[in-house]
Structures are given as structure tokens and as C-alpha cells.
Amino acid sequence: MNNAAAIQVRGLVKKYGQKVAVAGIDLTVERGEIFALLGPNGAGKTTTVEILEGYRSANSGEVKVLGFDPATKGAAGQRWRNQIGIVLQSASDAADLSVIETISHFANYYQNPRDVQQVIDEVGLREKINAKARELSGGQRRRLDVALGIIGSPELLFLDEPTTGFDPEARRSFWDLIRTLKSEGTTILLTTHYLDEAQALADRVGVINEGKIIEIATPDTLGGRNNAPAKVTWLENGVTNEVLSKNPTEEVIRLSQRFNGQIPELQVLRPNLEEIYLRMIGELK
Amino acid sequence: MKTIRETLRIGLLRSALEFKQFLRQRESVVFTLFFPVILLFIFGTVFKDTIAPGVTFSQYFVAGMIASGLVNTGFQQLAITIPMERDFGTLKRLRGTPMSVSSYFIGKALLVTILMIIQTALLLFFGTLMFGLNMPTSLTLWWNFTWLVVLGSACSTVLGIAFSVVPKSGRGASAVVSPIVIILQFFSGVFFVFTSLPSWMQQFAALFPLKWLTQGMRSVFLPADFATQEVAGNWEIGKTALVLMVWLVAGLVISIKTFKWSRE
């Protein structure tokens, strides 16, 4: 079983009344990888993830998470939750409890919890260990959420928009935490609105729109990004010129010869993930 | 067996955690634990009459206040706080852990019991201090008192959990739940002598547990011969136990069937 994929989805369909939220999704997330699910609001992203987390049931299709159907009710479903960790979007619970009280309490729920003190260090809440949740900043509060998500030593961690509202520095150190978890062998399913976050963390990204997966690829090859023309810009006679080129190196050499060496204000820009992504979901609208 | 022990263990831990959170919310401490004492003070000071030879209104009122305390700490508190926990994401987070729903229910039931014991002790203490309240005199009465508190707490807890699906949001919950409780208190003979109420009110109140709890508490705190002044001419102890049991089972079934972990 341990060799099987962490997440396997075949033909997943979910309807709310007449409205089709998820229209037949196939998805495989391998063990040990960070997979980022991207998509605009209302694309079916949250519904898909909540089915994988066991919060919702599907209308049809096959779903296996760590070899188990998350929709299973009763004691078996509860036991399966020992192996997963969920970091939900905005929560504001346990406001009157301190960081250490909440994390220690949640450790009791799991068969194989991590060391509470170690988790507090890992998420960087050592200095806030006795602070009440209501006294934490947005970023610290999110770190507490992550601590509660990983306290049970999950094999698979769901992260739903984990860095919304973070300042750039907090985001960087949060990314380091996620990389540490990956290096320990944790599989991570990440949903995010930040394309730079997907670029920085994900081994693979999947783009979902109107209930369907449009493409699954590495961040560098999504949407033919690796073969897309690069934009070369330079300054000439006080005007910024630009050329789109499949072969920017030749373009630069040509320019360099024309300017006899130094090209003023030279820039070579590969399309970033965000441009590719916006083009992908824009095309379909 | 191991699973049951684990469920109980987590339930105990949850009740300790919930009690800790309760104590840190000053307004809920005052409202839940001291409000009945404040009411007792007001009613006991205003109504100084005796309603029967040797029975003061405050004696009658304490019985009713203990009974409605069961409804306040159980039904009212849970039906308001659970929708708030739903809004805050507490329940959704718990749902994503291996904690079983039984542990959550046990935690709530124990919290209600702890609060009920404190509240009752406060009422008895201040009632004796301020209004010379008479304590139950026999072991049988203390036994009746004990099972009424236990059964009443359990009943009130499951009905609170069951009702927690009704309020649409945590913010609006109080406005939905509190009027129900206050009306039931008026109809069930907490603020007035039950037999002085119009008979339609009495009959309506008899459908709900609070009327039976107040009557049961009167059987504990009022002299035995006061029973002749009750509607049925006696305390109807057996019937009280039966009504509470029926509500307990109904509440439990509804709770398990309808409990919602998140706002859809």
C-alpha cells in the first residue's frame, strides 16, 4: 500500500442541485511530492479538496486517499484521520487557549503524535508559546493552524491557502517550514492563489477551471512555458523596445553586435507562471 | 473496549479544556453561574409572602431556579455556543481529526454537569444565607435530587445539541434560543406558582421537560404535604422520570442524526 499514490482520483463528479461543481476530475498525487492545485474561485478547487479531506461526498467517481475512501463513515473513517493533517482556510477557534494548551490537547487525538515542543519550534512559535490565540498576529495564527495540522505526524498534509495575509518575510519562512516537512517525507496538497508560491514549492501543479483539470505539469513546463517565446527589451533612442523571440540568445547576440557590446537596459523575460496561468484560465472563459 | 476507553479519555480531556475556556470568558461565567443567584436575590427580596403555611416564595423559587438552571447551562448554553463553534471553524477542525463525535458529546455533557453542580451549590448557599432556605431532610429526597440533576443535565445537553442546528449563525443564536427558554420558564412555574397559571399554559408546559423538572425540584425542596396543592394532587415522580427519559432518548437520536459540523 505504501507504494501506491497518496491520492488517486478517477472521474470525480460533484453536483449541488443542478449546478455541476466538479465535472469529472482525474488526479494522482505521488507520495512525497508537493502538489499545488490552482484555479479561480468557484472552479471546483475547494469542493475537490473537501471531498479528499472527507468533508463532502462525491456523486460519482473513485477516490482513494492513502488507499482509503475518505467518505467512509464511522470508526474506520476516524482512524484514517490519524494519517492525514488538514490546515483549513480561516479558522478563529480556541481564542482563549494558549498555543501550548491547544497543541498539547490536539496531540491527544492522535495515535502517533509528534513531540509538542518540537512542533512549536518547527512552526516558529517558541516565543508565543503561552500567548492566547486571540493575541496572535495573522501569520502566527496561521502557524498555529499548521502546528495543529502536523501534530499527528500525517503522511499527507492538506494546506488550503496557507499564506494568505502574510508579509513577504513570513511567507519565505513559511515556505522553509513546508520544505522541511517535504524533506521528512510528508506528501502535501497545496491550494493557493499565489503563483509564486506554487512556483517556489510545488513539484507539480494542476490547473482546475469550471470543474475540470485543464493541465497537470511541473511549474516550469505548465502551458508550454518552457517553449514559449521570451520577451527581450532594451532602450534605444530613449524608447523601450521589445521583441518576442523563440530564441532570445540569438536576439541578444544580434543586439550586442549592433550596439558594439553593451545593450542599454537589457532584459530577457521568460513568461512567469502567473502569466501562463492567467492565459490558460482566460482562454477558457 | 480499548476504543470505548479512548473515547471516554478524550471526552474527559475535552470537558477539562471546555471548562478552562468557559472560565476565561468572563461574561459567560457571570451570565451562566451568577445570573440565577441574582434572580433569586431579586425575586426573594420583592416577593416576601408565604404561599402556603411554612412555605416562602423564595423556597418555591429556588426549586424552580435549580430546574431552569439545568435548562440554561445545558440547552440554552449549548444551542448558542455550538453554532458559534460552527462559525469559528472549531467543529470543522475537530471533524478533520481522529477525535470521535462521542468524545465531543461526552465533553459537552460533562461541562454541563460541572457547571450545574457549581450553579446549584451557589443557589443553595446564597438561598440559605439570604432567605433561610430549607434543605431536603431525608436521604430519599437527596436521592431524588441527585437523579433529577443527572437526568435533567443529560436531557438538557442532548436537546441543546439537537437544537444547535436551528440557529443559522452563531451571532443570531441567542435571539433564537433565549426567548424559547424564557417563555418556558414563565409557563413552567419558575417565576410564578404553577397552579396559578391558566390551564392552557399548564398543559402546554407539560409537553416540555422544564415543567417536570421544576415539579421534581419542588418535591425535593417543599414540604411533603404541599403535594396536595399540585395540579395532579401529588408529585408525579414516576411520570417525571418517564417524561425526561423520553426527551433524553428523542434528543439523543435527533442529535446523532442531524448534527452539523459546518455551515454548508
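Everything numeric in this text was worked out from a predicted model, so none of it was measured.

Asks: Explain the overall build of chain A here, please?
Replies: If you tally the helices and strands in chain A, you get 9 helices and 12 strands. By principal-axis analysis of the C-alpha atoms, chain A measures approximately 70 × 50 × 35 Å. Going through the 285 residues of chain A one by one, you find that 50% of them count as buried. Taking all contacts inside chain A whose residues are at least 6 apart in sequence as the whole, residues at least 24 apart take part in 66%.

Asks: Help me out: how do you make sense of the UniProt feature "transmembrane region" (unreviewed entry) in chain B in this one?
Replies: Residue and element names in this part refer to chain B. Look at the UniProt record and you will see "transmembrane region" (unreviewed entry) annotated at residues 29–47, 59–84, 105–133, 145–166, 173–194 and 241–259. Within the segment residues 173–194, helix and strand shares are 68% and 0% respectively, and the terminal C-alpha atoms sit 29 Å apart. For residues 241–259, helix accounts for 95% and strand for 0%, while the C-alpha atoms at its two ends are 26 Å apart.

Asks: Mind showing me how you'd approach the packing of helix α3 (residues 57–88) of chain B against helix α9 (residues 209–221) of chain B here?
Replies: To describe two helices that pack against each other, one gives the angle between their axes and the distance between the axes. Residues and elements named next belong to chain B. At a minimum axis distance of 8 Å, the contact between α3 and α9 shows a crossing angle of 135 degrees. By the angle class used here, α3 and α9 are oblique. Note on packing geometry: the crossing formed by α3 with α9 is right-handed. Between α3 and α9, the contacting residues are Gln59, Tyr60, Ala63, Gly64, Ile66, Ala67, Ser68, Leu70 and Val71 on the first element and Leu210, Leu213, Thr214, Met217, Arg218 and Phe221 on the second.

Asks: When you look at the sheet that holds strand β12 (residues 267–269) of chain A in this model, what are you seeing that I'm missing?
Replies: The pairing of strands in a sheet happens through backbone hydrogen bonds and is either parallel or antiparallel. Residue and element names in this part refer to chain A. Across the sheet, 3 strands lie side by side as β11-β10-β12; this open sheet has antiparallel pairing. At either margin of the open sheet sits one strand with a lone partner, and together these are β11 (239–245) and β12. This sheet shows a mean twist of 20 degrees between the axes of neighbouring strands, independent of strand direction. As paired strands, strand β10 (residues 230–236) and β11 are joined by 7 bridges and run antiparallel to one another. In the sheet register, Ala230 faces β11, and the bridge partner there is Ser245. Strands β10, β11 and β12 of the sheet are contacted by helix α8 (residues 248–258), whose axis makes an angle of about 15 degrees with β10.

Asks: Would you mind going over the UniProt feature "domain: ABC transporter" (unreviewed entry) in chain A with me for this structure?
Replies: Summarizing the sequence annotation, UniProt attributes the feature "domain: ABC transporter" (unreviewed entry) to residues 7–235 of chain A in the numbering used throughout. Between the C-alpha atoms that bound residues 7–235 of chain A there is a distance of 50 Å. The span itself is 29% helix and 28% strand.

Asks: Quick question: what am I supposed to make of empty space enclosed by the protein here?
Replies: One way to see where empty space is left: roll a probe the size of a water molecule over the atoms. Taken as a whole and assessed by the stated rule, the structure comprises 2 cavities of 30 Å³ or more. In this structure, the largest cavity occupies an estimated 90 Å³ of space. If you go around the largest cavity, you meet 13 residues; those closest to its centre are Ile86, Tyr110 and Leu148 of chain A together with Arg93 and Thr97 of chain B. Within this model, the second largest cavity holds a volume of roughly 30 Å³. If you go around the second largest cavity, the residues you meet are Val87, Leu88, Gln89, Ala91, Arg142 and Asp145 of chain A together with Arg93 of chain B. Its residues assigned to classes, the lining of the second largest cavity shows 3 nonpolar, 1 polar and 3 charged.

Asks: So what exactly am I meant to see when it comes to a nonpolar patch on the surface here?
Replies: Residue and element names in this part refer to chain B. Taken together, the side chains of Val30, Phe31, Phe34, Phe35, Ile38, Phe41, Ile42, Val46, Phe47, Phe125, Leu129 and Met130 make up a nonpolar region of the molecular surface, amounting to roughly 1,100 Å² of accessible area. When contributions to the nonpolar patch are tallied by element, the ones reaching two or more residues are α2 (26–46) and α5 (101–131). The biggest single contributor to the nonpolar patch is α2, with 8 residues. On the basis of relative accessibility, which here comes to 56%, the residue Val46 falls in the exposed class.

Asks: Looking at this structure, how should I read the packing of aromatic side chains?
Replies: To describe a pair of aromatic rings, one takes the distance between the centres and the angle between the planes. Applying the stated rule across the entire model yields 26 aromatic pairs over all chains. Note on Tyr104 of chain B and Trp261 of chain B: the rings are 6.0 Å apart at their centroids and 50 degrees apart in plane angle, and the pair reads as tilted. Of the two residues, Tyr104 of chain B is situated in helix α5 and Trp261 of chain B in the segment after α10 (237–258); the sequence distance between them amounts to 157 residues. Pair check on accessibility: Tyr104 of chain B and Trp261 of chain B agree, each one buried. Cluster of aromatic residues (ring-pair linked, three or more members): Phe43, Phe47, Phe57, Tyr60, Phe61, Phe186, Phe191, Phe192, Phe226 and Trp235 of chain B. The cationic tip of Arg171 of chain A hangs over the ring face of Tyr194 of chain A; the distance from NZ or CZ to the ring centre is 3.9 Å. Positioned above the aromatic ring of Trp212 of chain B, the side-chain terminus of Lys211 of chain B is 3.9 Å from the ring centre.

Asks: What am I meant to see in helix α5 (residues 138–150) of chain A here?
Replies: Helical periodicity: at 3.6 residues per turn, an α-helix aligns residues three or four positions apart in one direction. Compared with the 18 Å implied by 1.5 Å per residue over 13 residues, the 19 Å span of α5 of chain A between its first and last C-alpha is a close match. Burial analysis of α5 of chain A places 11 of its 13 residues in the buried class, the great majority of the element. Buried within α5 of chain A we find Gly139, Arg141, Arg142, Arg143, Leu144, Asp145, Val146, Ala147, Leu148, Gly149 and Ile150 of chain A. As for α5 of chain A, its buried residues are in contact with β5 (84–87), α3 (99–107), α4 (116–122), β6 (156–160) and α6 (168–183) of chain A together with α4 (90–95) of chain B.

Asks: Before we go on, may I ask you to explain the interface of chain A and chain B in this structure?
Replies: With 25 residues of chain A at the contact, the number on the chain B side is 23 residues. Counting the surface chain A buries against chain B, the share from its top three residues, Gln78, Asp96 and Tyr109 of chain A, is 26%. Run the count over chain A and chain B and you get 4 salt bridges. Among the salt bridges present, the one from Glu50 of chain A reaches Lys92 of chain B, with a minimum N-O distance of 2.4 Å. Taken together, chain A and chain B are joined by 14 residue pairs in polar contact (both at pLDDT 80 or more). Of all the secondary structure elements, the ones that give two or more residues to the side of chain A that touches chain B are α3 and α5 of chain A. Taken together, the residues of the side of chain A that touches chain B sort by class into 10 nonpolar, 6 polar and 9 charged.

What counts and what doesn't
Residues numbered from 1 in each chain as written. Chains lettered and ligands numbered in written order. Predicted model: local features only at pLDDT ≥ 70, side-chain atom pairs only at ≥ 80, totals over all residues. Heavy atoms only, no water. Helix = DSSP H or I, 4+ residues; strand = E, 2+ residues; numbered from the N terminus. Buried < 20%, exposed > 50% of the residue type's maximum accessible area, 1.4 Å probe, protein only. Contact = heavy atoms within 4.5 Å. UniProt positions renumbered as here; feature names shortened; annotations may be inferred. Axes fitted to C-alpha atoms, helices over the stretch in contact; angles between N-to-C directions. Parallel < 35°, antiparallel > 145°, perpendicular 65-115°, else oblique. Left-handed = near helix turned anticlockwise from the far one by under 90°. Pairing = 2+ DSSP bridges. 1 Å grid on protein atoms, 1.4 Å probe; cavity = no way out; pocket = protein on both sides within 12 Å on 5 of 7 lines; lining within 4 Å. Points joined across faces, edges and corners; volume = space filled by probe spheres on them. Nonpolar A, V, L, I, M, F, W, Y, C, P; charged D, E, K, R; others polar. Patch = residues over 30% accessible without salt bridge, like charges linked within 9 Å, V, L, I, M, F, W, Y side chains within 5 Å. Areas by Shrake-Rupley, 256 points an atom, 1.4 Å probe, with all protein chains shown as cover. Salt bridge = Lys/Arg side-chain N within 4 Å of Asp/Glu carboxyl O. Phe/Tyr/Trp six-rings, centres within 6.5 Å; stacked < 30°, edge-to-face > 60°. Lys NZ or Arg CZ within 6 Å of the ring centre and 35° of its normal. Expected span 1.5 Å × (residues − 1). Buried area = accessible area lost by both parts, 1.4 Å probe. Polar contact = N/O pair within 3.5 Å; in protein donor to acceptor, adjacent residues only side chain to side chain.

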